[in-house]
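Below are the chains, spelled out letter by letter.
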Amino acid sequence: MCRQCGFANISPCGCSPVVPTTSTTTDSIFFKGTNQNNFQNFVGATGKASDAIPYTMLGDGTVVGFATAINGVNLLRNYTFYITADAPLGYVGIPPIVNQIARIELVMNEEVSGTLLFSCVLAENGIPFQARASLKGVVPSPYVPINAFATWTTIKPGAVVFREQALALYLLDKIGNEEASFQVFIQSKAT
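Which residues make up the overall build of the protein chain, and what values do they have?
Within the protein chain, the regular secondary structure consists of zero helices and 13 strands. Secondary structure elements of the protein chain, listed N to C terminal, follow the sequence β-β-β-β-β-β-β-β-β-β-β-β-β. By residue count, 36% of the 191 residues in the protein chain fall in the buried class. Counting only contacts in the protein chain whose residues sit at least 6 apart along the sequence, the fraction spanning at least 24 positions is 69%. Here the protein chain has roughly 10,300 Å² of accessible surface; of this, 54% comes from carbon and sulfur atoms.

Spelled out as structure tokens, the structure:
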């Protein structure tokens, strides 16, 4: 609406209307764990997998990204993660398709000993993104691109999540005794 003449669209005074903006926030949810065929732990709920102790949404939003750090020796596996909403507690196997929001797949074509980093975003749905690693035994050990690529696949249209839904992270493939942390990024309207 024009501040001078009060018109909402094209105003008689020739000015541009002021368009109200909607602000959004992006928050990250931390998960940890390396258990194959299991939900990973929501950080702060030690000892309980995220299907039992999930992250609960305060308001409607969109899952917009995923980032991971894995530290280990001789890493040469493909990893698949599922971001889910309201997955049935105690469900065995890949969560039902109705509960899947997004699938993230890392395809490794190079063995890595060190810390592996990768991320994916909703906006790059289906586009492989190159991972990086800081290699053990190399001093200094900067993070360099490696022959490994992560791909985000949206399962639920728009990757939408709703207030009070229970978000969880499922790991299909064994990471083993390595250390790992995972972040799921949620964008929602600022309150």
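Break down the packing of aromatic side chains for me, citing the residues and quoting the values.
If you walk through the whole model with that rule in mind, you get nine aromatic pairs. With a centroid separation of 5.1 Å and an interplanar angle of 45 degrees, the aromatic rings of F66 and F81 are classed as tilted. Here F66 is found in strand β5 (residues 61-75), whereas its partner F81 is found in strand β6 (residues 79-85), with 15 residues between them in sequence. Summarising the burial analysis for this pair, F66 and F81 share the class buried. For the pair F81 and F118, a centre-to-centre distance of 6.3 Å together with 45 degrees between the ring planes defines the contact as tilted. Taken together, the positions of F81 in strand β6 and F118 in strand β8 (residues 112-121) put the pair 37 residues apart, joining distant regions of the chain. Judged by relative accessible area, F81 falls into the buried class, the value being 0%. Three or more aromatic residues link up through ring pairs in this structure, and these residues are F66, F81, F118 and F182.

For the pairing of strand β1 (residues 24-32), give the residues involved together with the corresponding values.
The side chains of a regular strand alternate between both faces of the sheet. In the sheet, β1 pairs with strand β13 (residues 179-189) via nine bridges, with the strands oriented antiparallel. Among the inter-strand pairings, S28 is bridged to a residue of β13, identified as F185. One ladder, built from two bridges, connects β1 with strand β3 (residues 41-42); its direction is antiparallel. Bridge pairing in β3 places F31 opposite F42.

What counts, and where the lines are drawn
- In every chain, residue numbers begin from 1 and rise along the written sequence.
- Where totals are concerned, whole chains, interfaces and linings use all residues; where local detail is concerned, this predicted model gives features only for residues with pLDDT of at least 70, and gives and counts side-chain atom pairs only at 80 or more.
- Only hydrogens and water are set aside; all other atoms, that is, all heavy atoms of the structure, feed into the side-chain values.
- Secondary structure elements are taken from DSSP: a helix is a run of H or I of four residues or more, a strand is a run of E of two residues or more, and numbering for both begins at the N terminus.
- For the exposure calls, accessible area comes from a 1.4 Å probe over protein chains only, and a residue counts as buried if that area is under 20% of its type's maximum, exposed if over 50%, partly exposed in between.
- Contact criterion: two residues are considered in contact whenever any of their non-hydrogen atoms come within 4.5 Å of each other.
- The protein chains shown are the only cover counted for residues, whose accessible areas, like all others here, come from Shrake-Rupley with a 1.4 Å probe.
- We call Phe, Tyr and Trp rings a pair once their centres come within 6.5 Å, taking the six-membered ring for Trp, and we label the pair stacked below 30 degrees between planes, edge-to-face above 60, and tilted otherwise.
- Here, strands pair whenever DSSP counts at least two bridges between them.

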